[in-house]
Amino acid sequence: METVSKEQKTDRLLALVFIVFTVASIFCRLFYGWDQDESYNILLAQRIADGKIIFKDMWDLHQTAAIFPSVFCRAYVGIFHTTDGIAVFLRGMSVILQIIVAVYTFFVVRRFYGDKCAFCAGVVVANLLPRATQETEYSTVAVWGCLICSLLFFEMKRRGVNYGKIIIAAIFYAAAVYSYPTLIITVPFVALALILVISDKRAEGFKIALVFFGVCLVCAGILFAYLFSHMTVEEFLKIVGELGKNDDHLVYFKGLWPVYAYKSVIRIVAMIAISAMVKFAMKWMFKVDTQIINVFFIMTTLFVVLVNIIGIRPSGPFGLLERYIGAVILAAFSGIEKEDRDFTLILGGMGIFVFLGVIMGSNLGMNENAMFLELCMICMVVLCVKKLEGLKAKELFIGRTAIVVFILGIAFSTGYFVRIDSTKPANIFQCTAVMEKGPMKGIGVFPEQKERYDALAASAASITESGRLYTLLTNDAITYYFVNGDYISAQYAATAQYYNEQWVDFYTKFDRKLPDEMLVNKYNYPELSELEKTVFGKWVMTEYVLDSQKSDDSFWVFGLSN
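These numbers come from a predicted model, not from an experiment.

Quick look at the nonpolar core
Phe 153, Phe 212 and Phe 536 are the most contacted members of the largest nonpolar core, which totals 165 residues. Ranked by residue count, the leading element in this core is helix H4 (residues 86-127), at 18 residues. In contact with Phe 536, not counting residues within four places along its chain, are Leu 473, Tyr 499, Asn 500, Trp 503, Val 504, Tyr 507 and Met 518. Within the second largest apolar cluster, 11 residues are counted, among which are Val 304, Phe 412, Val 418 and Ile 420.

Printed below as a string of structure tokens:
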């Protein structure tokens, strides 16, 4: 009979705890919370599934990422002949993909670092969501694609070059860049990794780089062939020029980086400084020596959990995410053994460049984008677990506790918090109303959200007619599902402050049929004077006439002037 040691029993118990927390987190992510970003991500996928052409029929910046979930949309409608409940289905498909990526991560890491490191890495992957929404959308496809690519690179570094794996890595990398185009900034890093790291022979390094980027070009060629079968090169270039007018995701190019970054930098420095003081206090008072990163893991995670559970300062899924940035910084200065440098360089390096690429194309700051450091965090957790070997009892207890707290903190954050109107404080216990119809059927939301969505859905269904064309000016893109007739919009992700000249150009410069009616969400524009302050709003009020009889409590209705 096999004898099980005390340490093995502890490891098995912790593994069970990780699994329970992960399952609970997944359940919450499947059935709780709703945000306007998820509305437009689903609608973009639905538009493509319905046969609309990216770039030509929609100008949303994240439209290329919607190619992937559009396959699931088409499958769902084809099987069930309805879109009711499609949001939960798409979340479920995302969970399956995330688990597959987590399992793949486990097997790769286990080959080189053993079961403990691999299991912890897999749990991190199974719980982290870069945009805190359980979807197959631009952030998840980008991160998962780069992660699989990096793991294949690492395998080849340790076991030798395999051209089949090079091709697979290139396809996943291309999918990542498709999904988040500013990740193009990772190309120099990937090229150097292929040439200087993956192979010890420079000539072979150049060869595999040519193969890798050749496959990427083939993937790009397939996309362009699809696009140019529906538009001319001149039209495409003209549309790309129009996409550059989108003000929503250009904050960093407008010199606003200091505004977005300085508070995050202050918080990161403060957290590291406090952790360092506690570490030295522990050594002086209790004769316990541990790394600063362990103290950092425990203090920052417990702080976020406690202030939310107690209600001192409630947050949403983006609350104090700078703790991930601080942890990665501390890990980089905690000492990396020579045998781990390739793993750190490939995963950690790719993670940093992914983060920088996202920052370039984001309308959010360092804090909100911190979960895009997922590859760095996987690397960090693996090396921290590895360092537990050979520690004395007290140091081992603190180190193990730190890792457990950190990983459970990730599962807690992704399961407990929900997104509502982007970054506002919200958690699953506030989602007490369940949607009963439409694409969101089965999802728990805030009561006031349900009331608003039900009102918008009923209004859109009653106002619109089959055979007519509509545009909705609304943050709640999911409302389009209830429109009778067809619909078109420059951007389904638009927010009020970005109704600029790009919108006017969409309707006037590309020989489109103008919508028969424009429906303006009164939740966004209770007063029409606010709409008139925007460039597109002025155009609407010039080309369209307010229909007071059709307008109701949810929408201002404008009919096309004769």
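There is more to say after this.
Side note on the packing of helix H12 (residues 322-332) against helix H14 (residues 374-386)
For any two helices packed against each other, the geometry is given by the interaxial angle and the distance between the axes. Where H12 meets H14, the axes come as close as 10 Å, and the angle between the chain directions of the two elements is 50°. Regarding the angle of H12 to H14, the classification is oblique. For the crossing formed where H12 meets H14, the hand is left-handed. Touching Tyr 324, Ala 327, Val 328 and Ala 331 of H12 are Cys 376, Met 377 and Met 380, all from H14. In the contact of H12 with H14, the residues fall into seven nonpolar, no polar and no charged.

Side note on unusual backbone geometry
The backbone of His 81 sits at a positive phi, close to 55°, despite the residue not being glycine. For His 81, the location among the structural elements is in the loop between helix H3 (67-80) and H4. Note on His 81: relative accessible area 67%, which makes it exposed. The backbone of Ala 132 shows a phi angle near 60°, a positive value even though the residue is not glycine. For Ala 132, the position within the fold is in the loop between H4 and helix H5 (138-159).

About the thresholds
Residues numbered from 1 in each chain as written. Predicted model: local features only at pLDDT ≥ 70, side-chain atom pairs only at ≥ 80, totals over all residues. Heavy atoms only, no water. Core = buried A, V, L, I, M, F, W, Y, C linked by side-chain atoms within 4.5 Å. Buried < 20%, exposed > 50% of the residue type's maximum accessible area, 1.4 Å probe, protein only. Helix = DSSP H or I, 4+ residues; strand = E, 2+ residues; numbered from the N terminus. Contact = heavy atoms within 4.5 Å. Axes fitted to C-alpha atoms, helices over the stretch in contact; angles between N-to-C directions. Parallel < 35°, antiparallel > 145°, perpendicular 65-115°, else oblique. Left-handed = near helix turned anticlockwise from the far one by under 90°. Nonpolar A, V, L, I, M, F, W, Y, C, P; charged D, E, K, R; others polar.

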